[in-house]
Structure formats: structure tokens, C-alpha cells
Amino acid sequence: MEPFRLADYRAKRKTIYFNRIELNQLLAVYSRYVIRGEWRDYAIDHRDGFALFSVFRHSQESPAFSIMKCVGGNRQGDFLVYSGRQKLRAGKTLGEVLDIFQRKPALVRGGF
């Protein structure tokens, strides 16, 4: 009997990372929400087949939002935004999915 390596039979996936431009975009959105006092912490996770940027309202809680960069498969897009298990947005570019965090300015009522 001939020995074989299990690693040769496992599906080899490439580890996905956020590049510098993507990190700058993510941290720009994150910093706006920190200034508003809505977000307090973030985490970056790199796994086989996807990278994950999660933001937290409180450090001890589950993420308020997660932005996922994925490659391959039959996914709807290369970038996804989740709130818990609910998918909020999918797109081919990070800018497309980050638009969900753009708020309209509050209307000013009354005059001077």
C-alpha cells in the first residue's frame, strides 16, 4: 500500500486579504461612525476564501455589521455587507457596498 498525504486531497483555497486601498475605505467609514459615537471596535479576520471586517457597537457583543470580501464560487458579488445573518448588500466593488453607510443629511426645519 502506498502512503498519501491528506493535504493533497483537501480543497486548497487562497487566503483573501483586504488591500491597502480597501482598508483605507473601510477605516474611513469606521472612523466616521466612531466620531458619532455609534461604533467602538472593529476586527479583521482572514480565512480561506474570504476576508472579514466587522464593526462592533460594544466590544463584548456580536458584530453590528460585517463586510466580507470573497472570491470565486457562485456568490452574488465579491463584497457583501451583513447585519447579523441578514445580507444587506452585495457588489463587485467595495465602494458599491459601502454606500449603504452613507446617510442623508438631516433636514433643517425652520428659518433663521
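Predicted model, so just to flag it, every value in this text is computed and none were measured.

Novice: Explain the overall build of the chain to me, please; I cannot follow it from the model alone.
Specialist: In terms of regular secondary structure, the chain is built from 2 helices and 5 strands. When the helices and strands of the chain are placed in sequence order, the string is α-β-β-β-β-β-α. Classification of the 112 residues of the chain by burial places 29% in the buried group. Summarising the internal contacts of the chain: among those between residues at least 6 apart in sequence, 32% fall at separations of at least 24. Of the roughly 8600 Å² of accessible surface on the chain, a fraction of 51% belongs to carbon and sulfur atoms.

Novice: I tried to follow the packing of aromatic side chains on my own but got confused; where do I start?
Specialist: Aromatic ring pairs: the centre-centre distance and the angle between the two ring planes describe each pair. As enumerated under the stated definition, the model contains 8 aromatic pairs in all. Plain terms: the ring middles of W39 and F65 are 6.0 Å apart, the flat faces sit at 50° to each other, and that makes the pair tilted. Residue W39 is found in the loop between α1 (20-36) and β1 (41-47), and its partner F65 is found in strand β3 (residues 65-70); the two are separated by 26 residues along the sequence. With a relative accessible area of 3%, W39 lands in the buried category. An aromatic cluster is present here, built from Y30, Y33, W39, Y42, F53, F65 and F101 joined pairwise through their rings. A cation sits over an aromatic face here: R36 above Y33, 4.7 Å from the ring centre.

Novice: Mind showing me how you'd approach the nonpolar core here?
Specialist: Grouped together as the largest cluster of nonpolar side chains are 19 residues, with contacts concentrated most on L26, W39, F53, I67, L94, L98 and F101. Elements supplying a minimum of two residues to this core: α1, β2 (50-56), β3, β4 (79-83) and α2 (94-98). Element by element, the count of residues in this core is highest for α1, at 4 residues. Sequence-distant contacts of W39, defined by excluding residues within four places in its chain, comprise V29, Y30, Y33, V34, V55, F56, R57, F65 and F101. With 6 residues, the next largest nonpolar core counts F50, L52, M68 and L80 among its residues.

Reading the values: rules and limits
Residues numbered from 1 in each chain as written. Predicted model: local features only at pLDDT ≥ 70, side-chain atom pairs only at ≥ 80, totals over all residues. Heavy atoms only, no water. Helix = DSSP H or I, 4+ residues; strand = E, 2+ residues; numbered from the N terminus. Buried < 20%, exposed > 50% of the residue type's maximum accessible area, 1.4 Å probe, protein only. Contact = heavy atoms within 4.5 Å. Areas by Shrake-Rupley, 256 points an atom, 1.4 Å probe, with all protein chains shown as cover. Phe/Tyr/Trp six-rings, centres within 6.5 Å; stacked < 30°, edge-to-face > 60°. Lys NZ or Arg CZ within 6 Å of the ring centre and 35° of its normal. Core = buried A, V, L, I, M, F, W, Y, C linked by side-chain atoms within 4.5 Å.

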